[in-house]
Amino acid sequence: MEETDIALMALIKQGDSKAFELLLARHQRPVYNLALRFLNDPDEAEDITQDTFIRVYRAAQTYTPDAKFTTWLYTIVRNLCFNVLRSRKSAEMVSVDDEVMPELPSRGEDAVELLSKAQVTETVIRAVNRLPENMRMAVILSKYHGLQYEEIADIMGCTVNAIKLRVHRAKAILAKELHGLRHET
Amino acid sequence: MDCMEVQEKLPLYHDRDLDEALLKGVDEHLKTCDQCRKEYAGLTSAWDVMDVWEDTVPPDRLRKRILGSMPRKGRAAWLRVALPMAAGFLMVIGVALYYAGFEAGKTGEMTERAAVQQSDKHANINEDEIVANLEILEEEEFYDALDEMVKIDYLPLMDEPEGGEQGRERSSLDMVLA
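All values reported here derive from a predicted model rather than from experimental measurement.

> Can you walk me through the overall build of chain A in this structure?
Helix and strand counts for chain A stand at eight helices and two strands. Helices and strands appear in chain A in the N-to-C order α-α-α-α-β-α-α-α-α-β. Sorting the 185 residues of chain A into buried and exposed places 50% on the buried side. Nonlocal contacts in chain A, meaning residues at least 24 apart in sequence, comprise 70% of its contacts between residues at least 6 apart. Only carbon and sulfur atoms are counted for the fraction: they give 51% of the accessible area of chain A, which is about 9100 Å².

In structure tokens form, the structure reads like this:
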């Protein structure tokens, strides 16, 4: 029978290194992809994945399963990602207001383009990366990690309504940005 | 419901995050309005086309890197036991050596003091004896030396008087005594 994440954490607390390896195998990919999609930098995504699992290992001694394990795990990833963004901003000395909507060019109502999959992927990545940070994180967690708004709200530390608003606004923006986009099958 | 009202609600409708009455109202509107239907199709297709951004497989080195960066639990546990033991052992040895050294010092000091006292005692005794003995020794040596010299018959004499053996002995004795 497959051990739950919480059971694995209890085993890690007892010094079971195999349990940690199992937990790593189970969550390495989603953690890496969340950081990669959000930051769009493979090196930083690797660093964040490593930092996340080091924190998980260290926290095993004091871990109490108050929430779903993934909620707790993604909260760590989210915090680390935002730390990276903060350090990027201070390095670039650029101030970005999270609530300011970017100007998104409309693709035209009937413009249907048949592009290669790579081109479409590139367009999607650019469109997502242009979203404000909090909106981007909410969209990634909802769209690519299949999380419910309640769980996203816990991860982001805000209300469910705030998450709904962000995702709905993002959908409206992305609809304009990606309207009529198709790729060759 | 008019088009503006419906289009505002399309993202919520896409999530089915509307109450029954509103869901039904949007449904009815979409059946009759091409423009709003097109808007909704655009939203749905944009959301769907995002699936093209697939997961990336993390590089193999990442797993090794993470496992390699973990603190070694076994070693840590071993150290957690061994370090306090070693520290305790060293403390015991240190304390033992300190007291041993102190006792030895104390004993040594006492021995030294006793030896000094002893030697002082001996010195006090010996001083008088030595002085007394020295006089005796000097006297004895003097007379021994004298006897020896008396027996020597070939001492060079500056002025050897005439008159044989007796005269030579007498004259030697006279010189020594002088």
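Once you've had a look at it, read on.
> How should I be thinking about the interface of chain A and chain B in this particular structure?
Many descriptions give the size of an interface as the accessible area lost when the pieces come together. On the side of chain B, 34 residues touch chain A, which itself brings 45 residues to the contact. Interface area for chain A against chain B, summed over the two sides, is near 3900 Å², with a carbon-plus-sulfur share of 61%. Its largest share of buried area at the contact with chain B, chain A owes to Glu 46, Lys 143 and Lys 171 of chain A, together 17% of the area lost on that side. For the interface between chain A and chain B, the tally reads ten salt bridges. Note that Asp 51 of chain B is salt-bridged to Lys 143 of chain A, the shortest N-O span being 2.8 Å. Across the chain A-chain B interface, the total number found is 18 residue pairs in polar contact (both at pLDDT 80 or more). Going through the elements one at a time, helix H2 (17-39), helix H3 (42-59), helix H5 (117-129), helix H6 (133-143), helix H8 (160-177) and strand S2 (181-183) of chain A are the ones with two or more residues in the side of chain A that touches chain B. For the side of chain A that touches chain B, the leading source of residues is H2 of chain A, giving ten residues. Among the residues forming the side of chain A that touches chain B, the class breakdown is 21 nonpolar, eleven polar and 13 charged.

> Would you explain the packing of aromatic side chains in this entry?
Aromatic ring pairs: the centre-centre distance and the angle between the two ring planes describe each pair. This structure, assessed with the given rule, holds nine aromatic pairs over all chains. Each member of the aromatic cluster is reached from another via a ring pair, and the members are Phe 20, Phe 53 and Tyr 57 of chain A. If you follow Arg 37 of chain A out to its NZ or CZ, it ends over the ring of Trp 53 of chain B, 5.4 Å from the centre. Taking the ring centre of Trp 47 of chain B as reference, the NZ or CZ of Lys 171 of chain A above it sits at 4.8 Å.

> I would appreciate a short explanation of the confidence of the model for chain B in the present structure.
Interpreting fine coordinate detail is not advised for predicted regions of low pLDDT. Of all residues in chain B, 63% have pLDDT values of 70 or greater, and the mean over the chain is 77. What the predictor reports for the complex is a pTM of 0.66 with an ipTM of 0.82.

> Looking at this structure, how should I read the environment of Leu 174 of chain A?
Here Leu 174 of chain A shows up in helix H8. Distance from Leu 174 of chain A to Ala 127 of chain A, taken between C-alpha atoms, is 6.8 Å for residues 47 residues apart in sequence. Look past the residues within four positions of Leu 174 of chain A in its chain and what remains in contact with it is Ala 127, Val 128, Leu 131, Val 139 and His 179 of chain A together with Ala 46, Trp 47 and Met 50 of chain B.

> I'm lost on unusual backbone geometry in this one. Help?
What you tend to see is this: most non-glycine residues have negative phi, and most peptide bonds are trans. Residues other than glycine seldom take positive phi values, yet Asn 40 of chain A does so here, at roughly 55°. Within the secondary structure, Asn 40 of chain A is located in the loop between H2 and H3. For Asn 40 of chain A, a relative accessible area of 43% translates into the label partly exposed. The backbone phi angle of Arg 16 of chain B is positive, close to 55°, even though this residue is not glycine. Assessed through its relative accessible area of 49%, Arg 16 of chain B is described here as partly exposed.

> Sorry if this is basic, but what is going on with H2 of chain A here?
Because each turn of an α-helix spans 3.6 residues, side chains separated by three or four positions in sequence point in the same direction. All names here are of chain A. Taking the largest bend as the criterion, H2 deviates by roughly 45°, centred on His 27, and proline Pro 30 comes between one and four positions later. For H2, the capping residue at the N-terminal end is Asp 16, with a side-chain oxygen 3.0 Å from the backbone nitrogen of Lys 18. Where H2 ends, the next residue or the one after it, Asn 40, has phi of about 55°, a positive value.

> Just checking my understanding: could you explain the nonpolar core for this structure?
Core analysis: the biggest nonpolar cluster contains 80 residues, and Val 124, Leu 174 and Leu 178 of chain A together with Met 50 of chain B have the highest contact counts within it. With eleven residues, H2 of chain A is the single largest residue contributor to this core.

> Which parts of the structure should I look at to understand the confidence of the model for chain A?
Of the residues in chain A, 86% reach a pLDDT of 70 or more, and the chain-wide mean stands at 88. When the criterion is pLDDT under 50, residues 101-106 of chain A qualifies, and its contacts beyond four places in sequence or with other chains add up to twelve contacts.

> Honestly, the packing of H6 of chain A against H8 of chain A in this entry has me stumped. Any pointers?
Residue and element names in this part refer to chain A. Direction vectors running N to C along H6 and H8 enclose 90°, while the axes themselves pass 9 Å from each other. By the angle between their directions, the pair H6 and H8 is classed as roughly perpendicular. Taken together, the residues of H8 that come into contact with H6 (itself represented by Asn 134, Met 135, Ala 138, Val 139 and Ser 142) are Arg 166, Val 167, Arg 169, Ala 170, Ile 173 and Leu 174. Looking at the contact of H6 with H8 residue by residue, the class counts come to seven nonpolar, two polar and two charged.

Definitions and cut-offs
Residues numbered from 1 in each chain as written. Chains lettered and ligands numbered in written order. Predicted model: local features only at pLDDT ≥ 70, side-chain atom pairs only at ≥ 80, totals over all residues. Heavy atoms only, no water. Helix = DSSP H or I, 4+ residues; strand = E, 2+ residues; numbered from the N terminus. Buried < 20%, exposed > 50% of the residue type's maximum accessible area, 1.4 Å probe, protein only. Contact = heavy atoms within 4.5 Å. Areas by Shrake-Rupley, 256 points an atom, 1.4 Å probe, with all protein chains shown as cover. Buried area = accessible area lost by both parts, 1.4 Å probe. Salt bridge = Lys/Arg side-chain N within 4 Å of Asp/Glu carboxyl O. Polar contact = N/O pair within 3.5 Å; in protein donor to acceptor, adjacent residues only side chain to side chain. Nonpolar A, V, L, I, M, F, W, Y, C, P; charged D, E, K, R; others polar. Phe/Tyr/Trp six-rings, centres within 6.5 Å; stacked < 30°, edge-to-face > 60°. Lys NZ or Arg CZ within 6 Å of the ring centre and 35° of its normal. pLDDT = per-residue confidence, 0-100. Bend = angle between axes of the 7 residues up to and from the residue. Core = buried A, V, L, I, M, F, W, Y, C linked by side-chain atoms within 4.5 Å. Axes fitted to C-alpha atoms, helices over the stretch in contact; angles between N-to-C directions. Parallel < 35°, antiparallel > 145°, perpendicular 65-115°, else oblique.

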